2 protein chains.
Amino acid sequence: MIAEHNFYGVIAPVLTPFGDDGAPDAVRYLAHAKWLLAEGCTGLAPFGTTGEANSLGLEERIGLLDVLVDGGVDPALLMPGTGLCALSDTVTVTRHAVEKGCGGVMMLPPFYYKAVSDDGLFAYYSELIERIGDKRLKIYLYHIPPVAQVGLSVELVGRLIEAYPDTVVGLKDSSGDWNNTKALLDAYPGFTIFPGSEIFLLKGMRNGGAGCITATGNVNARMIRNVYDNWQTDRADDLQEEITSMRMTIQARPMIPMLKSIVAHFGNDPGWTNVRPPFLQLDAAQAQAGIEELTEQYGFELKAA
Amino acid sequence: MIAEHNFYGVIAPVLTPFGDDGAPDAVRYLAHAKWLLAEGCTGLAPFGTTGEANSLGLEERIGLLDVLVDGGVDPALLMPGTGLCALSDTVTVTRHAVEKGCGGVMMLPPFYYKAVSDDGLFAYYSELIERIGDKRLKIYLYHIPPVAQVGLSVELVGRLIEAYPDTVVGLKDSSGDWNNTKALLDAYPGFTIFPGSEIFLLKGMRNGGAGCITATGNVNARMIRNVYDNWQTDRADDLQEEITSMRMTIQARPMIPMLKSIVAHFGNDPGWTNVRPPFLQLDAAQAQAGIEELTEQYGFELKAA
């Protein structure tokens, strides 16, 4: 028995703006989040990989969640990333998200130690869930082996669903491997599965997926949403093809700095290009080339916040 | 010009004991640290990979450092691991270590994001050092690509030494790749380089190394120290061969749980076997087999704290 889910559609892992002093910029952050919802996002995933979440300190993450919720974003639409390396930190951030009323949390496995067993990962999630001990906790597992290296096998996902059907309700699959997404969709019908890229949006929907959680939702939410809204129409394949091409153009450059450059360019707000080390800003020429490709090939336009 | 170093010899990355409630056990921790120094360790590296540091929360790490220093361990002998994923958390923990008077800190690169550039990593260390802004800060870079995945190239190490000669004073090389250690030793004579395993202790000493920082120092410090003390004698190769064999026996099983089982066995203290997820305890039979191999083949004996 799998619990009913409340997330679906197009969810953006919100970019995190930084001031020139390197601190997260609360004003730009809140404005961007609200603008994403206005652009058609059906939910937001603050503190994903795209949001440079693992370059944010524990207190910064907690502070930025407060900025969103206290700033008027409906917490039911929020699925913040709360999976840190250490169980105790993960408990702290997750508990805060639950208490703020977040609709769910997106949860990385502990990612420092490699080659850990499924039993060990199961023990981690299990201890986390018991320690939080709150029925409101809804976990979306975050499978992103290209970055975290530690992933969640199809079997482990099944064990977690079986043990905690009211808590472990969904998954974001950022493996980039359609076969893995398909295996999950086939194995756990009713479980809420989001491919981690709009490239698999239509394929996902045709196989029981819930939408997508995608980095480029930060700049292209309207068009991705349009595919989601029209996936059962005969225009679906053409629409999908277009967003796939745009995605390829954007990800041809370092993704996170490129997305920030796009927001900066269309919002006429150069401060948006700041990133936190170990990332570096794109140099201006590289960013400009990407933006020209988008505007010339796709008439891409963005009215940023 | 490379600053004079104050770490040398055999340094143990201190194991972290956990109570049955999963919390770090301050009493066992302090006792173990003092015992390691009595056994011949010339320094301690709390919060290394072996110490399950990346399963410790931010506050737990700070609290355990206080346990050691306030409990009477000379902070000049401590090189705590303070490199977390996020610059801001790293600053918090590092500043605390400096203020407690630690002789140095062992610093992982930010390890969540992969395929980051040397320029990005340089920017990270650079911003960290500027933010701490304290002459007492002595950084030992921590290169452990098999686990962190993100490593420090020989070139990047050189750039950091050149930019911060009084701060970036050493490195622990846990690559397991002697060629990398040798390249570092050749490139930066006078820089304090510790192989991350006693397997390379003698080779390292013969090439200008400073000793070793090794997980098995938690159970075999006396014999490893004996190699360090006798590296210029004609017994050196035989002594080295013996500690290498013992190391191979220990690491034939999952290393951290095995080390804890050894401490538990010889200290007659079963509580020492607790680990934190994602690790799992060794099952009793597996632990017993490892301990028998050590005692029967090497007459291994340990009078734990």
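Only a predicted model underlies this, so the values are computations on that prediction, with no experimental measurement involved.

Let us now look at the sheet that holds strand 3 (residues 105–107) of chain A. All names here are of chain A. With parallel pairing, 4 strands are arranged side by side in an open sheet as 3-4-5-6. Every other strand in the sheet has two partners, leaving strand 3 and strand 6 (192–195) as the edge strands with one partner each. Neighbour-to-neighbour, the strand axes of the sheet open up by a mean angle of 25°, direction not taken into account. Alignment of strand 3 against strand 4 (residues 139–143), held across 3 bridges, turns out to be parallel. Of the residues in strand 4, the one forming a bridge with V105 is I139.

Core analysis: the largest hydrophobic core is formed by 194 residues, its most contacted members being I11, L44 and Y140 of chain A together with I11, L44 and Y140 of chain B. If we ignore the near neighbours within four places in the chain, the residues touching I11 of chain A are C41, T42, G43, L44, A45, M79, F194, G211, I213 and G217 of chain A.

One full turn of an α-helix is made of 3.6 residues, so residues set three or four places apart face in the same direction. Compared with an ideal rise of 1.5 Å per residue, which puts 13 residues at 18 Å, helix 2 (residues 58–70) of chain B spans 18 Å between its outermost C-alpha atoms and is within 8% of the ideal. Turning to helix 2 of chain B, its buried residues are L58, R61, L64, L65 and L68 of chain B. Taken down its axis, helix 2 of chain B places every buried residue within 135° of arc, on the same side. On the buried face of helix 2 of chain B, the contacting elements are helix 2 (58–70) and helix 3 (87–99) of chain A together with helix 1 (26–38) and helix 3 (87–99) of chain B. Looking one or two residues past helix 2 of chain B, G72 of chain B carries a phi angle of roughly 105°, positive in sign.

With an RMSD of 0.0 Å, the operation that places chain B on chain A is a rotation of 180° combined with a shift of 0.0 Å along the axis. The superposition operator between the copies reduces to a two-fold rotation axis. Taken as a fraction of all interface residues of chain B, those also at the interface in chain A reach 100%, which identifies the copy contact as same-surface.

Attention now moves to the interface of chain B and chain A. In this assembly, 33 residues from chain B lie in contact with 33 residues from chain A. Only helix 2, helix 3 and helix 4 (118–132) of chain B provide two or more residues apiece to the side of chain B that touches chain A. If one sorts the elements of the side of chain B that touches chain A by residue count, helix 4 of chain B sits on top with 6 residues. Considered class by class, the residues forming the side of chain B that touches chain A number 18 nonpolar, 9 polar and 6 charged.

Turning to the pairing of strand 1 (residues 9–12) of chain B, a few remarks are in order. Residue and element names in this part refer to chain B. Here strand 1 runs beside strand 7 (residues 211–213); their pairing, made up of 3 bridges, is parallel. Among the inter-strand pairings, G9 is bridged to a residue of strand 7, identified as G211. Strand direction decides the pairing type here: strand 1 and strand 2 (residues 43–44), joined by 2 bridges, are parallel. Each bridged residue has a counterpart across the sheet, and for A12 the counterpart in strand 2 is L44. Handedness of the crossover joining strand 1 and strand 2 through helix 1: right-handed.

On to the confidence of the model for chain A, then. Confidence in the prediction for chain A averages 95 pLDDT; 97% of positions are at 70 or higher. The ipTM value of the predicted complex is 0.94, and its pTM value is 0.95.

We now examine the sheet that holds strand 5 (residues 168–173) of chain B. All names here are of chain B. Strand order in the open sheet formed by 4 strands is 3-4-5-6, with parallel pairing between adjacent strands. Of all strands in the sheet, those with a lone pairing partner are strand 3 (105–107) and strand 6 (192–195), marking the two edges. Across the sheet, the mean angle from the axis of one strand to that of its neighbour is 25°, orientation sign disregarded. Strand direction decides the pairing type here: strand 4 (residues 139–143) and strand 5, joined by 5 bridges, are parallel.

On to the packing of helix 9 (residues 217–229) of chain B against helix 10 (residues 236–251) of chain B. Residues and elements named next belong to chain B. Direction vectors running N to C along helix 9 and helix 10 enclose 150°, while the axes themselves pass 9 Å from each other. Between helix 9 and helix 10, the angle is such that the two are roughly antiparallel. You can see that helix 9 and helix 10 cross each other, and the crossing is left-handed. Counted together, N220, M223, I224, N226 and V227 of helix 9 and A236, L239, Q240, I243 and M246 of helix 10 form the full contact between these two elements.

Residues and elements named next belong to chain A. Counted at 1.5 Å a residue, the expected span for helix 10 (residues 236–251) with its 16 residues is 22 Å, and the 22 Å between its end C-alpha atoms agrees. Taken together, the buried positions of helix 10 are L239, Q240, I243, M246, R247 and I250. The arc that holds the buried residues of helix 10, viewed along the axis, is 130°, so those residues lie on one side. Residues of helix 10 that are exposed and point over 90 degrees away from its buried face: D237, D238, E241 and M248. Close packing links the buried residues of helix 10 with helix 8 (201–206), helix 9 (217–229), helix 11 (255–266) and helix 12 (284–298).

Rules and cut-offs
Residues numbered from 1 in each chain as written. Chains lettered and ligands numbered in written order. Predicted model: local features only at pLDDT ≥ 70, side-chain atom pairs only at ≥ 80, totals over all residues. Pairing = 2+ DSSP bridges. Helix = DSSP H or I, 4+ residues; strand = E, 2+ residues; numbered from the N terminus. Axes fitted to C-alpha atoms, helices over the stretch in contact; angles between N-to-C directions. Core = buried A, V, L, I, M, F, W, Y, C linked by C-beta atoms within 7 Å. Buried ≥ 20, exposed ≤ 12 C-beta atoms within 10 Å, placed from the backbone. Contact = placed C-beta atoms within 7 Å. Expected span 1.5 Å × (residues − 1). Arc of directions from axis to C-beta. Least-squares fit on C-alpha atoms with pLDDT ≥ 70 in both. Nonpolar A, V, L, I, M, F, W, Y, C, P; charged D, E, K, R; others polar. Right-handed = clockwise from strand over helix to strand, strands pointing away. pLDDT = per-residue confidence, 0-100. Parallel < 35°, antiparallel > 145°, perpendicular 65-115°, else oblique. Left-handed = near helix turned anticlockwise from the far one by under 90°.

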